[in-house]
Amino acid sequence: MEQVFQEPVQLSKGINLRELTSEMEFQIDVDFQNRKTEMFINGDDDLFPEMGDEDDSDGEDTLRNIEETTKKMMLASPDYLSFEELGANMIDCMSTGDVKMLIIEEGKGPLVPVDSEVTIHYAAYWEKAVIPFDSTLTMNMGAPKRLRLGTGKIIPGLEIGLTMVKGPQARLNLLVQPAAAWGPRGVPPRIRPEPALFVIVLYDVKDNYAATRFNDLPMAEQTKYEVTLRTVNALRADAKELYKKKKYVKAIKNYQQAISVLRLSRPGTADEELDIKNNKVNAYLNLAVCYYKTNKPKHVLNMCECLDRLIDTEKHCKALYYYGKAHEMLGKTEMAIKYYKKALKLEPKNKEIGKILADLDTKTKDFAVNEKAMWLKAFNVEVPATNAVYDVDATFQSDVLDMCQSLAGRSEFAKFDLPVGLTKNEVDCIKGIVSDFGCLSVDVSGEGRNKKVCIVKKIV
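- The name recorded for the chain in an unreviewed UniProt entry is peptidylprolyl isomerase, from Bombyx mori.
- The UniProt entry for the chain carries the following comment under Subcellular location (unreviewed entry): "Cytoplasm".
- Heading Sequence similarities (unreviewed entry) of the UniProt record for the chain holds this comment: "Belongs to the FKBP6 family."

Okay, structure coming up:
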């Protein structure tokens, strides 16, 4: 019996808390280990094939693929003689020397915040190993891994190293001692109690708490250009993610907060002042887009008017476009057409604006015909039979619009002869579309089957 208790006792089935707190007896089957051994010895040979019969080629191919992938993703272990030699060329991230870092490629932004969300690929190696014992390449279908810092869910050495590099778009190596990794005993059998080399590529940094940290700063810090830029970039990145998820109201709050931060900024140079101005323009424009998505035309107009105070919107196609959108939503078709035409003049090849103008022109003419018919009917006047406005197929209108945009985009004089024998409706359609382009005109000569129509690009 004493021999039984020299090794841990394995229960044949689980027990619950109620059973532990109640009066019950536990029986130990001293022959359990013997029967367990016999079960494997006397088992069916087909269920337990000889290990030597297995083909090792699959395992070798897997290791080879991992090695090739680490090289391709710039996660391969560097050349070195020993960790001691490698660490001599690194900087200490801790006074104890438990975490050492070598920056291969510096990131573009500020230091990674301690509470941010990072997107990384990493490969971890034991000393002199060429195949990683742990890597994000074998997780999440090979996609980069998102990690939230400051939550205690990743090893301390990795977190310390990531917060001492500028991101995103950074590459670094970290040499982490067991004390700053999985502990002095490791996690046997897979994790040894030894130093590990982490080869890391930092792709993205999402600063989720930038606004909160900004609000906690004293006013003197809040007005600094660097603080402004860091906070606004974080707010804008978060707003873009919200916009992609169609969470427009939350995106609006982020852009509004970004504008509040920008208003507090006190740039020290002309370049910094221009950068702050450009950030304001982008924020107001993005707000106009979000308000358009939430069907608030008056707010869209308000954002466009704010842009008017910063830039000359007559030279800004997107601002003119959303001026047009707001007026169209408010039912002010003539004003909408006016702004759309200005936008098209700045970008003659913009097919979206050209199509909107063509559709609005058709609606306007249809409305005029219907309104006239209504009043004639109200006064008991016989409504004359008329042909439908632009009684041509959609393909014809689209082809004419494409041709006009192509001609308008040219800098030199150009003339395009249309096929002979066009119908009256087709000619009227061409004239209507050409009228939206100030630099184009229609020339008509001849009658009947000999009628010739051409579109001319004038030199402005």
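### As for the overall build of the chain
Working step 1: Of the regular secondary structure elements, the chain holds 16 helices and ten strands.
Working step 2: Counting only residues that meet the buried cut, the chain has 36% of its 460 residues in that class.
Working step 3: In the chain, 67% of the contacts between residues at least 6 apart in sequence involve partners at least 24 apart.
Working step 4: Of the roughly 29,000 Å² of accessible surface on the chain, 52% is carried by carbon and sulfur atoms.

### Describing a positive patch on the surface
Working step 1: A grouping of Lys245, Lys247, Lys250 and Lys253 is seen on the molecular surface, where their side chains present a positively charged patch.
Working step 2: Its location among the elements puts Lys253 in helix 9 (residues 248–264).

### Considering the sheet that holds strand 8 (residues 414–417)
Working step 1: Read across the open sheet, the three strands follow the order 8-10-9; overall the sheet is antiparallel. Two strands lie at the open edges of the sheet, namely strand 8 and strand 9 (440–445), each paired on one side alone. Adjacent strand axes in the sheet meet at a mean angle of 25 degrees, parallel and antiparallel pairs treated alike.
Working step 2: As defined by bridge partners, strand 9 adjoins strand 10 (residues 452–457) across six bridges and the pair is classed as antiparallel. By the bridge assignment for strand 10, Ser441 is matched with Val456.
Working step 3: Along the sheet, helix 15 (residues 394–408) makes contact with strand 8, strand 9 and strand 10, crossing strand 10 at roughly 40 degrees.
Working step 4: Set on the sheet, helix 16 (residues 424–434) makes contact with strand 9 and strand 10; between it and strand 9 the angle comes to about 155 degrees.

### Focus on the side chain of Asp134
Working step 1: Counting through the fold element by element, Asp134 comes out in strand 4 (residues 134–135).
Working step 2: A polar atom in the side chain of Asp134 sits 3.0 Å from the side chain of Tyr122.
Working step 3: When sequence neighbours within four positions are dropped, the list of residues in contact with Asp134 reads Tyr122, Ala123, Ala124, Met139 and Arg190.

### Let's talk about the environment of Lys277
Working step 1: Relative to the elements of secondary structure, Lys277 occurs in helix 10 (residues 270–293).
Working step 2: The exposure class assigned to Lys277 is partly exposed, which follows from its relative accessible area of 34%.
Working step 3: It is 9.1 Å that separates the C-alpha atoms of Lys277 and Ile311, two residues lying 34 residues apart in sequence.
Working step 4: Not counting residues within four places of it along the chain, the set of residues in contact with Lys277 comprises Leu310 and Ile311.

### Structural notes on empty space enclosed by the protein
Working step 1: Counted under the stated rule, the structure contains two cavities of 30 Å³ or more.
Working step 2: When its volume is computed, the largest cavity comes out at roughly 40 Å³.
Working step 3: If you list the elements that add at least two residues to the lining of the largest cavity, you get helix 8 (225–244), helix 9 and helix 10.
Working step 4: Empty space within the second largest cavity amounts to approximately 30 Å³.
Working step 5: Forming the boundary of the second largest cavity are Leu344, Gly354, Leu357, Ala358, Leu401, Ile433, Asp436 and Phe437.
Working step 6: For the lining of the second largest cavity, the element with the highest residue contribution is helix 14 (residues 351–378), accounting for three residues.
Working step 7: Class assignment of the residues belonging to the lining of the second largest cavity gives a composition of six nonpolar, one polar and one charged.

### Thoughts on the packing of aromatic side chains
Working step 1: Counted under the stated rule, the structure contains ten aromatic pairs.
Working step 2: Centroid distance Tyr323 to Tyr339: 4.7 Å. Interplanar angle 15 degrees. Geometry classified as stacked. Of this pair, Tyr323 sits in helix 12 (residues 317–329) while Tyr339 is found in helix 13 (residues 333–346), placing the two residues 16 residues apart along the sequence.
Working step 3: Taken together through their ring pairs, the aromatic side chains of Tyr122, Trp126, Phe133, Trp182 and Phe198 make up a single cluster.
Working step 4: The aromatic ring of Tyr339 is capped on one face by Lys338, whose charged end is 5.6 Å from the ring centroid.

### Considerations on helix 8
Residues lying three or four places apart along an α-helix face the same way, a consequence of the helix completing one turn every 3.6 residues.
Working step 1: If you check helix 8, its first and last C-alpha atoms are 28 Å apart, about what 20 residues at 1.5 Å a residue would give, namely 28 Å.
Working step 2: For helix 8, the full list of buried residues reads Tyr225, Val227, Thr228, Thr231, Val232, Ala234, Leu235, Ala239 and Leu242.
Working step 3: Where helix 8 is buried, its residues meet helix 6 (210–216), helix 7 (219–222), helix 9 and helix 10.
Working step 4: Residue Lys246 follows helix 8 closely and has a positive phi angle near 65 degrees.

### Quick word on the UniProt feature "repeat: TPR" (unreviewed entry) in the chain
Working step 1: Taking the UniProt record as the reference, the feature "repeat: TPR" (unreviewed entry) is found at residues 317–350.
Working step 2: Taken end to end, residues 317–350 comprises 79% helix and 0% strand; its first and last C-alpha atoms sit 10 Å apart.

### Thoughts on the state of the cysteines
Working step 1: Enumeration over the complete set of coordinates arrives at zero disulfides.
Working step 2: Among the cysteines around Cys306, which has no disulfide bond, Cys304 carries the closest sulfur, lying 9.1 Å off.
Working step 3: Cys306 gets classed as buried once you look at its relative accessible area, which sits at 10%.

### Remarks on the nonpolar core
Working step 1: Tyr340, Ile353, Cys404, Ile430, Phe437, Leu440 and Ile455 are the most contacted members of the largest nonpolar core, which totals 59 residues.
Working step 2: Among the elements that make up this core, the one with the highest residue count is helix 10 (nine residues).
Working step 3: Leave out the neighbours within four places in its chain, and Ile353 touches Cys317, Tyr321, Tyr340, Ala343 and Leu344.
Working step 4: Counting residues in hydrophobic clusters, the runner-up holds 29 residues, among them Leu147, Ala181, Ile191 and Ile200.

Definitions and limits used
Residues numbered from 1 in each chain as written. Predicted model: local features only at pLDDT ≥ 70, side-chain atom pairs only at ≥ 80, totals over all residues. Heavy atoms only, no water. UniProt positions renumbered as here; feature names shortened; annotations may be inferred. Helix = DSSP H or I, 4+ residues; strand = E, 2+ residues; numbered from the N terminus. Buried < 20%, exposed > 50% of the residue type's maximum accessible area, 1.4 Å probe, protein only. Contact = heavy atoms within 4.5 Å. Areas by Shrake-Rupley, 256 points an atom, 1.4 Å probe, with all protein chains shown as cover. Patch = residues over 30% accessible without salt bridge, like charges linked within 9 Å, V, L, I, M, F, W, Y side chains within 5 Å. Salt bridge = Lys/Arg side-chain N within 4 Å of Asp/Glu carboxyl O. Lys, Arg positive; Asp, Glu negative; His and termini not counted. Charge placed at Lys NZ, Arg CZ, Asp CG, Glu CD. Pairing = 2+ DSSP bridges. Axes fitted to C-alpha atoms, helices over the stretch in contact; angles between N-to-C directions. Polar contact = N/O pair within 3.5 Å; in protein donor to acceptor, adjacent residues only side chain to side chain. 1 Å grid on protein atoms, 1.4 Å probe; cavity = no way out; pocket = protein on both sides within 12 Å on 5 of 7 lines; lining within 4 Å. Points joined across faces, edges and corners; volume = space filled by probe spheres on them. Nonpolar A, V, L, I, M, F, W, Y, C, P; charged D, E, K, R; others polar. Phe/Tyr/Trp six-rings, centres within 6.5 Å; stacked < 30°, edge-to-face > 60°. Lys NZ or Arg CZ within 6 Å of the ring centre and 35° of its normal. Expected span 1.5 Å × (residues − 1). Disulfide = S-S within 2.5 Å. Core = buried A, V, L, I, M, F, W, Y, C linked by side-chain atoms within 4.5 Å.

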